[in-house]
Amino acid sequence: MRKDQENLRKYTLQNLRACQLKQLSILREIDRICTKHGIPYWLDGGTLLGAVRHGGFIPWDDDIDIAMWLPDARRFEAVAQAELPANLFLQTPRTDPGSKEPIAKIRDLNSLYIEGGDHFQADYAKGIYVDIFPFVDYPDVSRKLIRTLCKGIARSNSILHHLHAYSLRSFCEFFWFTGMYFTYTAAWKLVCLLGPKTRCSDVPYLNGRGISFSKKAVMPLSKIKFEGVEFPCPGNADAYLTDLYGDYMAVPPVEKREFHSVFIVPELVKEER
């Protein structure tokens, strides 16, 4: 690792806890809105893992993930921006056209959170955030088939939405991956007609690993403490995390403890008191 990269990593680590606490405050606002409007959601991914294994954030984690059923995610988007305080912003492709992320995020506007794929010149909000993953029903068919289709949909969708330079290659990629996306999507719709909908996961274009969960592992929801505060979680967190990570209680070695950001500024402007 070069010296400048090492120094940047050290700087990011110094700001990690402040970033986590800001994310926790965003989560509490989301919880307030969801409770007020009767919108179910649950801790997902590394956030749920952190709650089970560490009682809060995974010590080196720098994001929060939650999940909602797709109709509930749409309900949340319909009410959230009017309910959020002025420093928070509901970022979707509709509210922030400069963003290429096909997902809803609640962003803090008084912070800066830069990931490897971010573009400084592009005009979209880049503050600390909480991700909201929309869940849909999955058919109970071959897991291998589900993985193949989801990976194909997610990969082609991701490439089509990445920033491209004008070139013959990007021109060819556009047509190739557009064809792939529609082919895999058509196959997915067909497969959804074949089996009972006993499983669930992220919408396929966000599910690059092709993982799915038993709906009985999700519902009915339960509660779990995360950083000393109770939040909703899947009813069977053990089954959920086993599907997601396998032996989820095994702590990875130091060299595999990665975080998403490359640069964090937890507070851009100090509030006057």
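Described below are features of the structure shown in this document. Everything numeric in this text was worked out from a predicted model, so none of it was measured.

## Structural notes on the nonpolar core
Consideration 1: Counting 51 residues, the largest nonpolar core has L43, I66, M68, F76, I106 and F226 as the members making the most contacts within it.
Consideration 2: Examining the composition of this core, we find that seven residues originate from one element, helix α2 (residues 16-37), more than from any other.
Consideration 3: Leaving out residues up to four positions away in the same chain, I66 has contacts with L27, I30, Y41, W42, L43, D44, V130, D131, I132 and F133.
Consideration 4: Counting residues in hydrophobic clusters, the runner-up holds 10 residues, among them V136, Y138, L149 and C150.

## A few points about a positive patch on the surface
Consideration 1: Taken together, the side chains of R143, K144, R147 and K151 present a region of like positive charge at the surface.
Consideration 2: On the secondary structure map, K151 appears in helix α5 (residues 143-161).
Consideration 3: For K151, a relative accessible area of 43% translates into the label partly exposed.

## Section: the state of the cysteines
Consideration 1: Applying the stated rule across the entire model yields zero disulfides.
Consideration 2: Counting only cysteine sulfurs, C150 is the nearest neighbor of C200, a cysteine outside any disulfide, at a range of 12 Å.
Consideration 3: The class for C200 is buried, based on a relative accessible area of 0%.
Consideration 4: The closest cysteine sulfur to the non-disulfide-bonded C233 is located on C200, 14 Å from its own sulfur.

## Regarding helix α4 (residues 70-83)
Every α-helix winds through 3.6 residues per turn, so residues three or four apart in the chain are directed the same way.
Consideration 1: Spanning 14 residues, α4 covers 20 Å between terminal C-alpha atoms, matching the ideal 20 Å at 1.5 Å per step.
Consideration 2: When the local axis directions of α4 are compared, the greatest deviation, roughly 30 degrees, occurs at E77.
Consideration 3: Within α4 the residues assigned to the buried category are D72, A73, F76 and A80.
Consideration 4: Along its buried surface, α4 packs onto α2, β2 (64-69), β3 (88-91), β4 (104-108) and β6 (129-138).

## As for a nonpolar patch on the surface
Consideration 1: On the surface, L8, Y11 and V262 cluster together into a nonpolar patch covering about 220 Å² of accessible area.
Consideration 2: The residue L8 is located in helix α1 (residues 3-14) in this model.

## Section: the pattern of salt bridges
Consideration 1: All told, the structure shown has 10 salt bridges when counted by the stated rule.
Consideration 2: Between E29 and R32 there is a salt bridge whose closest N-O contact spans 2.9 Å. Taken as a pair, E29 and R32 lie in helix α2 at a separation of three residues, close to a single helical turn.
Consideration 3: A residue is classified by how much of its surface remains accessible, and E29, at 23% relative accessible area, is partly exposed.
Consideration 4: Across the salt bridge formed by E83 and K36, the nearest N and O atoms sit 3.0 Å from each other. Note that E83 is positioned in helix α4 and K36 in helix α2, a separation of 47 residues in sequence.
Consideration 5: Residue class for K36 comes out exposed when judged on its relative accessible area of 55%.
Consideration 6: One continuous salt-bridge network, built from bridges that share partners, spans E29, R32, K36 and E83.

Calculation notes
Residues numbered from 1 in each chain as written. Predicted model: local features only at pLDDT ≥ 70, side-chain atom pairs only at ≥ 80, totals over all residues. Heavy atoms only, no water. Core = buried A, V, L, I, M, F, W, Y, C linked by side-chain atoms within 4.5 Å. Buried < 20%, exposed > 50% of the residue type's maximum accessible area, 1.4 Å probe, protein only. Helix = DSSP H or I, 4+ residues; strand = E, 2+ residues; numbered from the N terminus. Contact = heavy atoms within 4.5 Å. Patch = residues over 30% accessible without salt bridge, like charges linked within 9 Å, V, L, I, M, F, W, Y side chains within 5 Å. Areas by Shrake-Rupley, 256 points an atom, 1.4 Å probe, with all protein chains shown as cover. Salt bridge = Lys/Arg side-chain N within 4 Å of Asp/Glu carboxyl O. Lys, Arg positive; Asp, Glu negative; His and termini not counted. Charge placed at Lys NZ, Arg CZ, Asp CG, Glu CD. Disulfide = S-S within 2.5 Å. Expected span 1.5 Å × (residues − 1). Bend = angle between axes of the 7 residues up to and from the residue.

The analysis is restricted to geometry; functional conclusions fall outside its scope.
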